[in-house]
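For reference, the chains in residue letters:
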Amino acid sequence: MSQDALNFIHEINTQNDCLKIKVRIVRIWKQSFSLDMILMDEKGKKIQGTIKAKLIHNFERFLAEGSIVVLSNFGVAENNGNYRIINHPCKLNFYHTTTVKKIEVFDGPVYGFGFVKFHDINNKKIGDEFAIDVIGGVVSCGNMDVYDRNGKEGKRINFEMQDLEGKVVNCTLWDNFAQELSTFVNANKNDGCVIIIIQFARVRLWKGIPTIQNGLFGSKLFINDNLKDIIDFKKRLISNSGDSSSQQFSQLYCQTIYSMRDEFLVHTKRMFVDEISEVRKELKCVVLGTIKSIKEEEGWYYLACRKCNCKAIPKSSIVDLEDMDGSDSNDVNDNTLFCRTCQSVVNSAVPRFKVVVRVQDGTVIYK
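Source: prediction; values computed, not measured.

Caption draft 1: Region of interest: the overall build of the chain. Counting secondary structure elements, the chain contains 8 helices and 24 strands. Counting over 367 residues, the chain shows a buried share of 41%. In the chain, of all internal contacts separated by at least 6 residues, the share reaching a separation of at least 24 is 62%.

This is how it looks when you write it as structure tokens:
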């Protein structure tokens, strides 16, 4: 078959379905009513394809993620469904007469990533109509939350990714994606950078803030994989800021936790206010009481070190500064922040909520 006999995805439209295309199956997934896939030609252009449930058995043995196939005698429809992933006006439908021929040669990309800038995400220039690709280093990672979702177990994990321009975006992964990230981070906490690619991700607004999430269908997660894009990202990260920048992405903390309901009502110790003053070591407890007043003069947030979440304070306010780093406190910039716990300058602090209240139960009032 000659190359001249083949068409490309950009040529596909609803006016012409007498086409023959060579594509790589980038992603494939099955639903109860269809088998869906994302197809990419040698120019890196992508389109969605669908096989209705009654025809799946005709084609399933020829289709696998990563396979290269030549398709012909397929239908072309408008891409106006509820689960549009690719920004192409059309999608492909497989018919009884559709032919699928597996081949080996493909002169094109493997995944065809098209990374979106974090600046554009944070400035709401990227909508949620279609999926996007993102790459970044994980700079903070929360606990994986295991919760009840209509009688079934659900999982989610929140984290932050940073790009090479220093822009940070909020991210949430759900279910199997959350478990995959949690497992990786727990096994590789101190092994350097954690670089992630989320292919076919979605941008959702959470309280007005753009958040990257895996989609209901189609998304794919790469964590420190041996991919050229990840290797190049690491090299540029070190080249831009040195090894210290790489260290910023390491030593992540992540563990599995239960839902808020279980955490409070089942797995956490109940204590009274008067017992808190007798506590001599760090612990987690639940206190049922009434808030009598809010100490507004104490402020409602503090700037925290990203590594340990402890309070970052102006370096010039540390009395024993000279003993810690050998410098003269008179020469210190008042805007420089320092973390006593990490014993290091804080280059990137994050606001953390802190509300000081006076609480009363049947025993005593406690601040």
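Caption draft 2: Region of interest: the packing of aromatic side chains. Applying the stated criterion across every chain yields a total of 8 aromatic pairs. Measuring from ring centre to ring centre gives 6.5 Å for Trp-29 and Phe-217, while their planes differ by 10 degrees; the resulting arrangement is stacked. You can see Trp-29 sitting in strand S1 (residues 20-30) and its partner Phe-217 sitting in the loop between strand S12 (209-214) and strand S13 (220-223), a full 188 residues away along the chain. Given a relative accessible area of 23%, Phe-217 falls into the partly exposed group. When the centroid spacing of 4.7 Å and the interplanar angle of 55 degrees are considered together, the rings of Trp-300 and Tyr-301 count as tilted. Ring pairing ties together the aromatic residues Tyr-111, Phe-113, Phe-115 and Phe-222, which thus form one cluster. For the cation-ring pair, Lys-43 lies above Phe-8, with the distance from its terminal atom to the ring centre recorded as 4.4 Å. The positively charged end of Arg-156 is found above the aromatic ring belonging to Tyr-147, 4.3 Å away from the centroid.

Caption draft 3: Highlighting the sheet that holds strand S19 (residues 312-314). Ordered by their spatial adjacency, 3 strands build an open sheet running S19-S20-S21, and the pairing between neighbours is antiparallel. Strand pairing shows two members of the sheet lacking a second neighbour, S19 and strand S21 (344-346), which therefore form its edges. The sheet shows a mean angle of 45 degrees between the axes of neighbouring strands, taken without regard to direction. Note: strand S20 (residues 337-339) against S21, 3 bridges, orientation antiparallel. When the sheet's bridge partners are listed, Cys-339 is paired in S21 with Ser-344.

Caption draft 4: Inspection of the side chain of Asp-36 at higher detail. Here Asp-36 shows up in strand S2 (residues 34-40). Polar side-chain contacts of Asp-36 include one of 2.9 Å to the side chain of Thr-50.

Caption draft 5: Structural detail: the sheet that holds strand S7 (residues 99-103). The mixed open sheet is built from 7 strands, whose spatial order is S5-S6-S3-S2-S1-S4-S7. Edge strands, defined here as strands with exactly one partner in the open sheet, are strand S5 (75-78) and S7. Mean inter-strand twist for the sheet, computed between neighbouring axes without regard to direction, equals 40 degrees. Bridge count for S2 against strand S3 (residues 46-52) is 7 bridges, and the pairing is antiparallel. Each bridged residue has a counterpart across the sheet, and for Met-37 the counterpart in S3 is Gly-49.

Caption draft 6: Representation of the environment of Asn-16 within the structure. By the secondary structure assignment, Asn-16 is in the segment before S1. According to the relative accessible area criterion, Asn-16 is partly exposed, its value standing at 30%. Placed 60 residues apart in sequence, Asn-16 and Val-76 show a C-alpha to C-alpha distance of 7.7 Å.

Caption draft 7: Examining unusual backbone geometry more closely. One non-glycine residue, Lys-124, adopts positive backbone phi at about 60 degrees. Here Lys-124 lies in the loop between helix H2 (118-122) and strand S8 (132-149). Positive phi values are uncommon outside glycine, yet Phe-200 reaches one of about 60 degrees. Mapped onto the elements of the fold, Phe-200 is located in strand S11 (residues 195-206). On the accessibility criterion, Phe-200 (4% relative accessible area) is buried.

Caption draft 8: Representation of the nonpolar core in the model. Counting residues in each nonpolar core, the largest one holds 27 residues, and the members touching the most others are Ile-121, Phe-159, Met-161, Leu-173, Ile-196 and Ile-198. Sort the elements by how many residues they give to this core and S8 lands first, with 6 residues. Dropping the residues within four chain positions of it, Leu-173 is found in contact with Lys-155, Arg-156, Ile-157, Phe-159, Ala-178, Leu-181, Ile-198, Asn-214 and Leu-221. Within the second largest apolar cluster, 24 residues are counted, among which are Ile-9, Val-23, Leu-35 and Phe-59.

Caption draft 9: Region of the structure containing the side chain of Asp-133. Turning to its location among the elements, Asp-133 is positioned in strand S8. Lys-46 is the oppositely charged side chain nearest to the buried, salt-bridge-free Asp-133, at an N-O distance of 4.9 Å. Reaching out from Asp-133, the side chain makes a polar contact with the backbone nitrogen of Phe-200 at a distance of 3.0 Å. With near-sequence residues (within four places) excluded, Asp-133 lies in contact with Gly-112, Phe-113, Gly-114, Phe-115, Val-116, Ile-198, Gln-199 and Phe-200.

Caption draft 10: Here's a closer look at a nonpolar patch on the surface. Together, Ile-291, Ile-294, Trp-300, Tyr-301, Leu-303, Phe-353 and Val-355 line one region of the surface with nonpolar side chains, adding up to about 790 Å² of accessible area. For the nonpolar patch, the secondary-structure elements that each account for two or more residues are strand S17 (290-294) and strand S18 (301-305).

Caption draft 11: Structural context of the pattern of salt bridges. Within this structure, the stated rule accounts for 12 salt bridges. We note a salt bridge from Asp-128 to Arg-204, for which the minimum N-O separation is 3.6 Å. One end of the pair, Asp-128, is in the loop between H2 and S8; the other, Arg-204, is in strand S11, with 76 residues separating them in the sequence. Residue classification places Arg-204 among the partly exposed positions, given a relative accessible area of 33%. In this structure, Arg-156 and Asp-145 form a salt bridge, with 2.9 Å as the shortest nitrogen-oxygen distance. Highlighted residues: Arg-156 in strand S9 (residues 152-162) and Asp-145 in strand S8, separated in sequence by 11 residues.

What counts as what
- Residues numbered from 1 in each chain as written.
- Predicted model: local features only at pLDDT ≥ 70, side-chain atom pairs only at ≥ 80, totals over all residues.
- Heavy atoms only, no water.
- Helix = DSSP H or I, 4+ residues; strand = E, 2+ residues; numbered from the N terminus.
- Buried < 20%, exposed > 50% of the residue type's maximum accessible area, 1.4 Å probe, protein only.
- Contact = heavy atoms within 4.5 Å.
- Phe/Tyr/Trp six-rings, centres within 6.5 Å; stacked < 30°, edge-to-face > 60°.
- Lys NZ or Arg CZ within 6 Å of the ring centre and 35° of its normal.
- Pairing = 2+ DSSP bridges.
- Axes fitted to C-alpha atoms, helices over the stretch in contact; angles between N-to-C directions.
- Polar contact = N/O pair within 3.5 Å; in protein donor to acceptor, adjacent residues only side chain to side chain.
- Core = buried A, V, L, I, M, F, W, Y, C linked by side-chain atoms within 4.5 Å.
- Lys, Arg positive; Asp, Glu negative; His and termini not counted.
- Salt bridge = Lys/Arg side-chain N within 4 Å of Asp/Glu carboxyl O.
- Patch = residues over 30% accessible without salt bridge, like charges linked within 9 Å, V, L, I, M, F, W, Y side chains within 5 Å.
- Areas by Shrake-Rupley, 256 points an atom, 1.4 Å probe, with all protein chains shown as cover.

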